[in-house]
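Residues per chain are reported as follows:
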Amino acid sequence: MRNFLADTTALVVFFTLTGMLNERYVAGMDWSEVAKARLIGAPLMVLTARPYGLWRYWVMDRSGATHCGAMRAFWFDTLALLSFQVPLYAAIVWSSGAAGPEVLHASAGAAVIMLISGRPYGLWLDLVRRWYGLSRRRR
């Protein structure tokens, strides 16, 4: 249960903030669309936070990134985040009523955010897991 709570806390806090900024200032969505996207996104984040945590650790373990240099960890954290979150994010934005160009801009913005935040989010997730008394590992 602590694994679920730690992964969920980390994901909800980090991506609620970055999602709001992206939707409003990159995609140009109005505040009502942003609010809808966050309301749709919140339960999805709760449902997907632990699977993402498991995905991330699987990618990191298979790549050897957890035992290698910072650059390798950066790339594989980024790969894990991009491959899991961008498709999910596009579905959230589309479900909130955004039009085709808004979905594309929001998804592109999210991809850029994931490129920038892949490693910071991985470090944030590790920190939140430590706050919950858990190791970096998925156990």
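Scroll up to find the structure this text is about.
Residues numbered from 1 in each chain as written. Predicted model: local features only at pLDDT ≥ 70, side-chain atom pairs only at ≥ 80, totals over all residues. Heavy atoms only, no water.

Visitor: Just checking my understanding: could you explain the side chain of Arg-56 for this structure?
Guide: Looking at the element boundaries, Arg-56 is found in helix α2 (residues 31-63). Its relative accessible area of 1% is what places Arg-56 among the buried residues. Once you skip the residues sitting within four places of it in the chain, Arg-56 turns out to touch Asp-77, Ala-80, Arg-119, Gly-122, Leu-123, Leu-125 and Asp-126. (Helix = DSSP H or I, 4+ residues; strand = E, 2+ residues; numbered from the N terminus. Buried < 20%, exposed > 50% of the residue type's maximum accessible area, 1.4 Å probe, protein only. Contact = heavy atoms within 4.5 Å.)

Visitor: Looking at this structure, I do not really get the environment of Ile-116. What am I missing?
Guide: Among the structural elements, Ile-116 can be located in helix α4 (residues 100-131). For Ile-116, a relative accessible area of 60% gives the class exposed.

Visitor: Help me understand the packing of aromatic side chains in this model?
Guide: The description of an aromatic ring pair uses the distance of the two centres, along with the angle that the planes make with each other. Taken as a whole and assessed by the stated rule, the structure comprises 9 aromatic pairs. Ring geometry for Tyr-25 against Trp-31: centres 6.3 Å apart, planes inclined by 80°, an arrangement best described as edge-to-face. The class of Tyr-25 is exposed, set by a relative accessible area of 60%. An angle of 45° between the planes, with centres 6.0 Å apart, marks the rings of Tyr-52 and Tyr-121 as tilted. Taken as a pair, Tyr-52 in helix α2 and Tyr-121 in helix α4 lie far apart in primary sequence, 69 residues in all. (Phe/Tyr/Trp six-rings, centres within 6.5 Å; stacked < 30°, edge-to-face > 60°.)

Visitor: How do you make sense of the pattern of salt bridges when you look at a structure like this?
Guide: When the charged atoms of two side chains lie near each other, side chains of opposite charge can form a pair. Summed over all chains, the structure comprises 6 salt bridges. Of the charged contacts in the structure, one is a salt bridge between Arg-56 and Asp-77, with a shortest N-O distance of 2.6 Å. Placement of the pair is Arg-56 in helix α2 and Asp-77 in helix α3 (residues 70-95), with a sequence separation of 21 residues. Here Asp-77 falls in the buried class, since its relative accessible area comes to 0%. Measuring nitrogen to oxygen at the nearest pair gives 2.7 Å for the salt bridge that ties Asp-77 to Arg-119. Within this pair, whereas Asp-77 is found in helix α3, its partner Arg-119 is found in helix α4, the two being separated by 42 residues in sequence. Take Asp-77 and Arg-119: they sit in the same class, and that class is buried. Within the structure, one salt-bridge network assembled from shared partners comprises Arg-56, Asp-77, Arg-119 and Asp-126. (Salt bridge = Lys/Arg side-chain N within 4 Å of Asp/Glu carboxyl O.)

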